[in-house]
Amino acid sequence: MLELRPYQQRIIDATLVSLAKESKKGSRHIGVYAACGSGKSVLAAFMAQGSALKGNRTLILTHRVEILKQNFGKMELLGLDVSLFEAKTVKIPTGKIVCAMSQTLRSRCENEKYAEEYRKFISSFDFIIVDEAHRADHDPLFKYFRNDAWVIGLTATWLRSGNQKQLGDFYSDIVAVVMPSELIALGHILPSENYVFQ
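In this text the structure is predicted, and so the values were computed from the model without any measurement.

Conventions we followed
Residues numbered from 1 in each chain as written. Predicted model: local features only at pLDDT ≥ 70, side-chain atom pairs only at ≥ 80, totals over all residues. Heavy atoms only, no water. Helix = DSSP H or I, 4+ residues; strand = E, 2+ residues; numbered from the N terminus. Polar contact = N/O pair within 3.5 Å; in protein donor to acceptor, adjacent residues only side chain to side chain. Contact = heavy atoms within 4.5 Å. Phe/Tyr/Trp six-rings, centres within 6.5 Å; stacked < 30°, edge-to-face > 60°. Buried < 20%, exposed > 50% of the residue type's maximum accessible area, 1.4 Å probe, protein only. Pairing = 2+ DSSP bridges. Axes fitted to C-alpha atoms, helices over the stretch in contact; angles between N-to-C directions. Expected span 1.5 Å × (residues − 1). Arc of directions from axis to C-beta.

This paragraph deals with the side chain of Thr15. Looking at where Thr15 falls in the secondary structure, it is placed in helix 1 (residues 6-24). Among the polar contacts listed, one links the side chain of Thr15 to the backbone oxygen of Ile11, at a separation of 2.7 Å. Excluding anything up to four places from it in sequence, Thr15 contacts Ile30, Val32, Met47, Ile152 and Val175.

We now examine the packing of aromatic side chains. Summed over the entire model, instances satisfying the criterion amount to nine aromatic pairs. Consider the rings of Tyr114 and Tyr118, whose centres lie 6.1 Å apart with planes at 85 degrees: the pair is edge-to-face. Residue Tyr114 is classed as partly exposed on the basis of its relative accessible area, which comes to 30%. Between Phe142 and Phe170, the ring centres sit 4.7 Å apart and the planes meet at 50 degrees, which makes this aromatic pair tilted. Of this pair, Phe142 sits in the loop between strand 5 (127-131) and strand 6 (150-155) while Phe170 sits in the loop between strand 6 and strand 7 (174-175), and the two are 28 residues apart along the sequence. Both residues of the pair, Phe142 and Phe170, count as buried.

What follows deals with the sheet that holds strand 2 (residues 58-62). Whenever strands of a sheet pair, they do so through backbone hydrogen bonds, lying parallel or antiparallel. One open sheet accounts for seven strands, arranged 3-4-2-5-6-1-7; its pairing is parallel. A single partner strand is all that each edge strand has here, and the edge strands are strand 3 (82-85) and strand 7. Inspection of the sheet shows strand 1 (residues 29-33) paired to strand 7 by two bridges, in the parallel sense. For Val32, the partnering residue across the bridge sits in strand 7 and is Val175. Helix 1 rests against strand 1, strand 6 and strand 7 of the sheet, and its axis sits at about 155 degrees to strand 1. The sheet strands contacting helix 2 (residues 40-53) are strand 2, strand 4 (97-101), strand 5 and strand 6, and the helix crosses strand 5 at an angle near 175 degrees.

Further remarks concern helix 1. Since the α-helix packs 3.6 residues into each turn, any two residues three or four apart lie on the same face. Taking 1.5 Å per residue as the helical rise, helix 1 with its 19 residues ought to reach 27 Å, and the 28 Å between its terminal C-alpha atoms agrees with that figure. Turning to helix 1, its buried residues are Tyr7, Gln8, Ile11, Ile12, Ala14, Thr15, Ser18, Leu19 and Glu22. All buried residues of helix 1 lie within an arc of 165 degrees about the axis, which places them on one face of the element. Facing away from the buried side of helix 1 by more than 90 degrees, the exposed set consists of Pro6, Val17 and Lys24. Buried residues in helix 1 make contact with strand 1, helix 2, strand 6, strand 7 and helix 6 (180-185). Immediately beyond the C-terminal end of helix 1, within one or two residues, lies Gly26, with a positive phi of roughly 95 degrees.

Turning next to the side chain of Ser38. You can see Ser38 is positioned in the loop between strand 1 and helix 2. Looking at Ser38, its side chain comes within polar contact range of the main-chain oxygen of Ala35, at 2.6 Å. Setting aside anything within four residues of it in sequence, one finds Ser38 in contact with Tyr7, Gln8 and Leu183.

The following block contains the structure:
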């Protein structure tokens, strides 16, 4: 059985507060900082469950197969009816919750043969979770999200450098309520050991 740890519940509570605050300003896109090892897949699973209980369709985007399968597995542990969408997927999933690869969706949206049906598929979601939101792999999909869709970006790295579009172009607020020092004190992650070559 999968259960939220108290700090994870605090993250979800703060996310809901931020969504309510930002939606009054006209934005439904917020970022959530969650340190490495804090359980982003668990957070995504419980957020997807909450969304599904409200009758919403939820899309969870990621850029790596390992994370895709990890997210899918956490949702299955919650007993959620979830579909997997990856490169070998031929049929568009119709379920309430879909875990998908951003690169595959982008490629289908840009393919003349499939573009219309996949753009329509993406716009059918009410709630979208972007896992590893700092990655630019997800950026091209934002133009297909509905204007009234709720979007949560999850990452431990709220930073981009170089010529990439900055995250402030996609998210209006960042929720950061749990720091690595707290997770270390709770025994959920270990302090780092750093070495230098001389």
